[in-house]
Structure formats: C-alpha cells, structure tokens
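Here are the chains, one letter per residue:
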Amino acid sequence: MRSGVGVRLGLVGLVMLVLMVPMTMLRGLVAERQARAAEVATEIAEASSHAQRLLGPMLLVEYEERRLHVRTVTEGGVEREVSEVKTERRRELVLPDRLRVDNELQTERRGRSLFSTLLVHAVTDLQAAFTLPSTPPPDTRPLRLWLVMGLGDNRGLGSLEVSVGGRTHAPQPGTGVGWLEQGVHVPLPLDLLQQRRLEVAANMTLSGTGSMHWLPAGSETEVHAHGSWPHPGFTGDRLPVSPSVAADGFRAKWSVSRLASQAQQAIVRCGADAPHCPAALDASFGVRLVEPVDRNLMTERAMKYALLVLALVLGAVFVLEVTQRRAVHPVQYGLTGLALAMFFLLLLSLSEHIGFGAAYLVAAGASTALISAYLSALQQGRAGRWIVPLALGALYGLLYGLLQSEDYALLMGSIALFGLLAALMLATRHLDWSRVGATTP
C-alpha cells in the first residue's frame, strides 16, 4: 500500500481550513470584547466627563454701534434722500498677547465589571495678558464685558478661581460664544476697558476621560504639562518641544506663536456668534493617556498570527510523522489544531482577570503541556520527548516577542521564519521523499 506525500499534505491543508472556522469565531469574540470595552469607556465618560480641552481665556466685549443709514424715498413724484441713525449691537472677541498654562496631571483608573478606562485630573495655573485699545472704535459704546474660557466638558470642572486686574471675580456657567458650547464666563466691570493692559490669572482643577488638550489662543502661547503616567501619547496640531518620558512620569512643553498657528485667525474669523468654528478647535494639541498593554488589542494582534502558528505546528507534526515513520490520523491533526485554538481562547478569557502577561504564560504552558502529552507517542527515545515541548515553547516565546516589539515584528518574524525553513531543510536533507509513505506489505 502506498500513500503519497501530496495526499498527506492535502489532508493537513484540509484540516487547517476546517480549523479556521473556530479561529474566525474567536476573532469575532475578540471584536465583541473590544466593542464592550469601548462601550464601558463611553459610559464612564458620560457619567463623569469627556476628554477635556481648554481654550482661552478671551475677552468678550459687547458694543452698541451707531450707524448712519441713507435711503431714497419718493414723495409726490420727487425722490429725496433720508438719513437716519440706527443703533446696532455687536460682540467682539479680544485674544491675549501672552498666555501661559502650567498643568500637573494625575491619573485614575475607573471601571465597570471587567473593563476600565483612565481619567486624567489636572491642576492648572493660567496667566494671560491682554493689550486693550486706548480708545474704543468710533461711534461705539461698550455695554458689557466678560472673560470667557472654553472647556471640553463642564462636568469635569472641580474648582475655579479667577483674578482679573488683581481682583477676584466669580465665574458663571456658559460662554456666550456660539461655537463654544461648554465653558464658563466671568462678568467684568466696564471700567477695566480703560486700562491699557489687563492681567488675568486663574487656578482650576479639571478632570476628563483619556486626554487633555489646549488651544493656543494667545499671540504667544506656552503650555507646560507634567504627570505621573509613564506612557503619554502626544497628539493634536503639534508636538511638544523636547518632551521627557521616564518610568516615573513625563514632562512636556509647547511653545506656539501666532505666526505658526492658525488658531487666532480662525477665532477672529468666527467671532462670537458663529455656530461652529472647526478651524479653531482643530488647532488644539495635548496629551493622551496610552494603555501600554491593552489586553484586547494584544489578543487581536495574537490572532493575526493564528494561521502561521497552525501551519508551523501542524507542519512540525507532519515532519515528525515522516521522520519517525509513525502514521498520524487526520483526527489527530484536528485535535492538535483545536488545542492551539484553545490557547487563544484561554488567552482572551484569562487576560480579563489576571492581565495579559500572566494569561499568556498560563495559556502557553497549558497548550504546550497538552499537545506535548498528546504527541508523545510520535517521539522516540527519552531525548526525543523534549522535541515538541521545546519547539512549542520557542514558538510561543517568539510570538510573545513579536507582540511586545511591534516596531521590530517584521524583522523578528522574517529572521525566525528563515531560521525555521533552514532547520527544516537541514533536518530533511537526507530524506528520500520518493519513499515517504511507502509501506512494506
């Protein structure tokens, strides 16, 4: 009786195709857990506060303007011009010449059930300086004056103290600016407009979910931030200048001139009454709290290597079958593949309770022990019984290294695959493939 190598390889390939069904189901389960994690993060943000964005401070001035309107009327067939003075109200935003924001950021983890998200708590000191016009525009009379600060979510505002011109003023909710839905305003006396220069200081505590951003509203804006989270992600319109990231936290500084940012021009164009001003809001920059080990993301990345792991392990079983001259039934291939699928399922379920690193160790150990015990009959001699556990241990170690070193994953994977191919070619260089599968009657 003779069973060709091609037939055996075809059966192995068929088993791999069948095993892709549970692997596809596992991918769906990973996606479901990721969606649930995102849902919990949204629920926590809805119950506390969303990501924060600090804009301002800005001065909002309401003017009464007298305008001369000339119109032509016809009386008794004679046209004549009639002049009348109309009073209109308009509002104008005044931006600071200099703005400095110092932030101390602390983190807190909040969760529901098995899922959690990070909150950022900021203690912010703010100083701004405004240069006011020496004389108001002609034919205008100032009516009201406010100091305005925009926020990402008012619910995250814990405390706020505002000092303008050396005097403390009480803030009120709302901004009065059409495109700033969240924020506060401070009513100010009109006599402050008589000053040539106005100094503003504020101290606040602000909480948000996941990130903190600032918008460079000043002609010269300088933002300093430091925190205890060792994995910051700098996002937005620009990166910080020479950031410092260490195990005990980070420090970052942004320095932005109006010549290098479109924020001021966008705010002036939008004014106080525009319903939307995306050009201004998109000019923000900030820091995001990054999870160093997102268990669902790491499991998803591990699942991308599932087909490769199946091919390598089942290919190794086939080589053992050929070299040890022991027949392996397709059912044995299938059960070995299911044991590999159980590794990914254990990894997903255990990581929700003990963390990804420990879960990977337990799942890899259990899978290695099960497959090694099951395939022990294929291995001859005491030394040969260590082939499967050592090979599986090396494979799982390589996979963990690929998951941890995303930047070098392609390089590591290429070198490892080349090494495996070289080992296979050297191990079977004396094998007579034409006699593989032949049996003595």
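Residues numbered from 1 in each chain as written. Predicted model: local features only at pLDDT ≥ 70, side-chain atom pairs only at ≥ 80, totals over all residues. Heavy atoms only, no water.

Novice: Looking at this model, I keep getting lost on the overall build of the protein chain. Mind explaining?
Specialist: Check the secondary structure of the protein chain and you find 10 helices and 16 strands. Radius of gyration (C-alpha) of the protein chain: 34 Å, far over the 22 Å computed for a compact globule of 441 residues. Counting only C-alpha atoms and orienting by the principal axes, one finds that the protein chain spans roughly 125 × 60 × 40 Å. Taken across its 441 residues, the protein chain has 42% of its residues classed as buried. Treating the 40 positive side-chain charges of the protein chain as one cloud and the 38 negative ones as another, the clouds have centres 11 Å apart. (Helix = DSSP H or I, 4+ residues; strand = E, 2+ residues; numbered from the N terminus. Rg over C-alpha atoms; globule rule 2.2 N^0.38 Å. Buried < 20%, exposed > 50% of the residue type's maximum accessible area, 1.4 Å probe, protein only. Lys, Arg positive; Asp, Glu negative; His and termini not counted. Charge placed at Lys NZ, Arg CZ, Asp CG, Glu CD.)

Novice: What's the story with the nonpolar core in this structure? I'm lost.
Specialist: Proteins that are soluble and globular tend to have nonpolar side chains buried together. Formed by 45 residues in total, the largest nonpolar core has its most connected members in L59, F130, L147 and W214. Core analysis: the second largest hydrophobic core is formed by 42 residues, L26, V317, F344 and Y360 among them. (Core = buried A, V, L, I, M, F, W, Y, C linked by side-chain atoms within 4.5 Å.)

Novice: What exactly am I supposed to notice about the pairing of strand β6 (residues 157-164) here?
Specialist: Looking along a regular strand, one sees the side chains alternate between the two faces of the sheet. Where β6 meets strand β10 (residues 197-209), seven bridges bridge the pair, whose relative direction is antiparallel. Counterpart to L160 in the pairing with β10 is M204. Two strands pair when backbone bridges link them, and β6 and strand β7 (residues 167-169) are joined in this way by three bridges, in the antiparallel orientation. Its bridge partner lying in β7, S163 is registered against T168. Linking β6 back to β7 in an antiparallel pair, the connection comprises two residues, with G165 at a positive phi of about 60°. (Pairing = 2+ DSSP bridges.)

Novice: Would you explain the state of the cysteines in this entry?
Specialist: Each disulfide consists of a covalent bond between the sulfur atoms of two cysteine residues. According to the stated counting rule, one finds one disulfide in the structure shown. Put simply, C270 and C277 are joined by a disulfide, and their sulfur atoms are 2.1 Å apart. Between C270 and C277, the S-S torsion sits near 85°, and that sign places the bridge as right-handed. The exposure class of C277 is buried, given its relative accessible area of 2%. (Disulfide = S-S within 2.5 Å.)

Novice: Looking at this structure, I do not really get the sheet that holds β7. What am I missing?
Specialist: The strand order across the open sheet built from eight strands is β7-β6-β10-β4-β3-β12-β15-β14, with neighbouring strands paired in mixed fashion. Edge strands, defined here as strands with exactly one partner in the open sheet, are β7 and β14 (244-246). Across this sheet, the average inter-strand angle for adjacent strands is 15°, counted without regard to direction. Where strand β3 (residues 98-112) and strand β12 (residues 220-227) come together, eight bridges link them in parallel fashion. By the bridge assignment for β12, N103 is matched with A225. (Axes fitted to C-alpha atoms, helices over the stretch in contact; angles between N-to-C directions.)

Novice: In this structure, what is going on with helix α4 (residues 295-303)? I would like to understand it.
Specialist: At 3.6 residues per turn, the α-helix brings residues three or four places apart onto the same side. Of all nine residues in α4, seven are buried; the element is thus mostly enclosed. Buried within α4 we find R295, N296, M298, T299, R301, A302 and M303.

Novice: Quick question: what am I supposed to make of unusual backbone geometry here?
Specialist: It is generally the case that most residues other than glycine have a negative phi and that most peptide bonds are trans. Note that the residue after G56, namely P57, is joined by a cis bond; omega there is 15°. Here P57 shows up in strand β1 (residues 52-75).

Novice: Sorry, what's going on with the pattern of salt bridges here?
Specialist: Close approach of charged atoms lets side chains of opposite charge pair. Tallied over the entire structure, the rule returns 16 salt bridges. The residue R144 makes a salt bridge to E62 at a minimum N-O spacing of 2.9 Å. Here the residue R144 occupies a position in strand β5 (residues 140-150), and E62 occupies one in strand β1, the gap between them amounting to 82 residues. For D97, the salt bridge goes to R197, with nearest N and O atoms at 3.7 Å. One end of the pair, D97, is in the loop between β2 (78-94) and β3; the other, R197, is in strand β10, and 100 residues separate them in sequence. Under the relative-accessibility criterion, D97 is labelled partly exposed at 27%. Owing to a relative accessible area of 40%, R197 belongs among the partly exposed residues under this scheme. (Salt bridge = Lys/Arg side-chain N within 4 Å of Asp/Glu carboxyl O.)

Novice: Help me out: how do you make sense of the packing of aromatic side chains in this one?
Specialist: Each pair of aromatic rings is reported with the distance of its centres and the angle of its planes. By the definition in use, this model includes 10 aromatic pairs. A ring pair is formed by W214 and W254, whose centres lie 5.4 Å apart and whose planes are at 45°; its orientation type is tilted. Taken together, the residues W214 in strand β11 (residues 211-215) and W254 in strand β15 (residues 249-257) connect sequence positions 40 residues apart. For the pair formed by W214 and W254, the shared burial category is buried. (Phe/Tyr/Trp six-rings, centres within 6.5 Å; stacked < 30°, edge-to-face > 60°.)

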